[in-house]
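Analysis of the macromolecular model
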Amino acid sequence: MTRVLGYRLFQALLVALTVGVLTFIMVRALPGDMAYRIAAGRYGYDMVNTDAANAVRTELGLDRGGAAALGQWFWDLIRFDLGESVVSGEAVIDEVRHQLGHTVELALAAVLLSLLIGPPLGILAGLRPGGVIDRGLLLVSSTLRALPHFVVGLLLIIVLATGMGVLPAAGHGEPQNLILPALTLALGLAAVSSRVARDAMAGVAGSPYYAFGRTKGLSEAQVFRRHGLRNVSVPIVTYLGVQFIYLIEGVVVVETLFAWPGIGHALAHAIFARDVPVIQGTALIMGLMFVLLNAVVDLACYLIDPRRQVA
């Protein structure tokens, strides 16, 4: 575990370096005048003119080379300072701290929903490979995984919000506002986890030790609980690390679609306003979240699987 956690720490440092450089270069390479975009974010599009844009350009030194600005960002990062927003003037860490709580709330709800939907259905399909449940689940999961996040979200809005009127289409502040965005992410996650659980269950159900459990006279529930559950859970938990990529990239689209005030929504607005410190800060936090979640998955697999502890 020490070696694994050391690798994750090295990965976090590499993420910080890569995110800082790539976001800085890509934002600077976007078409349009950065000064006009930043001025529009500060004063509104109706109040922007050449003088306002030139004042922003002079204040932020946008005419100078970018190497100094990038170097200053890395120096601030070493001192755990993400800088200040060039639009609002607020500290980036304060803005991210406020938005990150909403994103974590949405992500946890999506993961919990996906675990309630995907693995149970996958286990049922794996107990009878080639059956009706197995073939139906394959069709549904393949369709859901192929659809982009915004398509799934729009379909849920059309059916549940506009058509049936049982849930709000967007917003924040009420418990029901969380359901649609969390369900949008959860369906994509469940589509993958159900297939992983199905393959794991099919392999376990066909193993000699599982058959021996039946030979001992144990019921199907007892065999699954004693010989199947832990062996099936290891690949499911392991694959959660891969699913976090889907979750983190989906947060940006889903939060924007449902007007959820999280870090993904803030990142989309920061890109539009060319707010480089906010873009770098939010992208860095999202990258470090991925590394942290993978470290948690490594630890969970170590605790679930006794073979890793013995090794």
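Attention here is on the structure that accompanies the text.

Criteria and cut-off values
- Residues numbered from 1 in each chain as written.
- Predicted model: local features only at pLDDT ≥ 70, side-chain atom pairs only at ≥ 80, totals over all residues.
- Heavy atoms only, no water.
- Helix = DSSP H or I, 4+ residues; strand = E, 2+ residues; numbered from the N terminus.
- Buried < 20%, exposed > 50% of the residue type's maximum accessible area, 1.4 Å probe, protein only.
- Contact = heavy atoms within 4.5 Å.
- Areas by Shrake-Rupley, 256 points an atom, 1.4 Å probe, with all protein chains shown as cover.
- Lys, Arg positive; Asp, Glu negative; His and termini not counted.
- Charge placed at Lys NZ, Arg CZ, Asp CG, Glu CD.
- Salt bridge = Lys/Arg side-chain N within 4 Å of Asp/Glu carboxyl O.
- Axes fitted to C-alpha atoms, helices over the stretch in contact; angles between N-to-C directions.
- Parallel < 35°, antiparallel > 145°, perpendicular 65-115°, else oblique.
- Nonpolar A, V, L, I, M, F, W, Y, C, P; charged D, E, K, R; others polar.

A look at the overall build of the protein chain
When helices and strands are counted, the protein chain shows 13 helices and zero strands. Tracing the protein chain from N to C terminus, the helices and strands come up as α-α-α-α-α-α-α-α-α-α-α-α-α. If one aligns the C-alpha atoms of the protein chain with their principal axes, the spans along those axes are about 85 × 55 × 30 Å. Relative to its 311 residues, the protein chain shows a buried fraction of 45%. In the protein chain, once contacts between residues fewer than 6 apart in sequence are set aside, the share between residues at least 24 apart is 71%. With the model as given, the accessible surface of the protein chain reaches about 16300 Å², and the carbon-plus-sulfur share is 68%. For the protein chain, the separation between the mean place of its 22 positive charges and that of its 21 negative charges on side chains is 17 Å.

Let's talk about the pattern of salt bridges
Pairing is possible between side chains of opposite charge, provided their charged atoms come close. For the structure shown, the criterion picks out five salt bridges. The partner of Asp-76 in a salt bridge is Arg-79, and the shortest N-O contact between them spans 2.5 Å. Residue Asp-76 is classed as buried on the basis of its relative accessible area of 12%. The exposure class assigned to Arg-79 is partly exposed, which follows from its relative accessible area of 44%. Here Arg-198 ties to Asp-134 by a salt bridge, and the two come within 2.9 Å at their closest N and O atoms. Of the two residues, Arg-198 sits in helix H8 (residues 179-205) while Asp-134 sits in helix H6 (residues 132-146), which places them 64 residues apart along the sequence. Taking the relative accessible area as the measure of exposure, Arg-198 reaches 16% and is therefore buried. A relative accessible area of 6% places Asp-134 in the buried class. If you follow the salt bridges from partner to partner, you end up with Asp-134, Arg-195, Arg-198 and Asp-199 in one network.

Notes on the packing of helix H10 (residues 220-257) against helix H11 (residues 263-273)
Where H10 meets H11, the closest approach of the two axes is 7 Å, and the angle between their N-to-C directions is 85 degrees. Classified by the interaxial angle, the pair formed by H10 and H11 is roughly perpendicular. Note on element contacts: H11 touches H10 through Ile-263, Gly-264, His-265, Leu-267 and Ala-268, opposite Val-251, Val-252, Glu-255 and Thr-256. Here the contact of H10 with H11 is built from residues that sort into five nonpolar, three polar and one charged.

Describing unusual backbone geometry
Positive phi, normally seen in glycine, also occurs at Ala-259, with a value near 55 degrees. Tracing the sequence through the fold places Ala-259 in the loop between H10 and H11. The class of Ala-259 is partly exposed, set by a relative accessible area of 39%. Located in the positive-phi region is Arg-274, a residue other than glycine, with phi close to 60 degrees. Inspection of the secondary structure assignment puts Arg-274 in the loop between H11 and helix H12 (276-304).

So, to be careful, I would describe these as geometric facts and stop short of saying anything about function.
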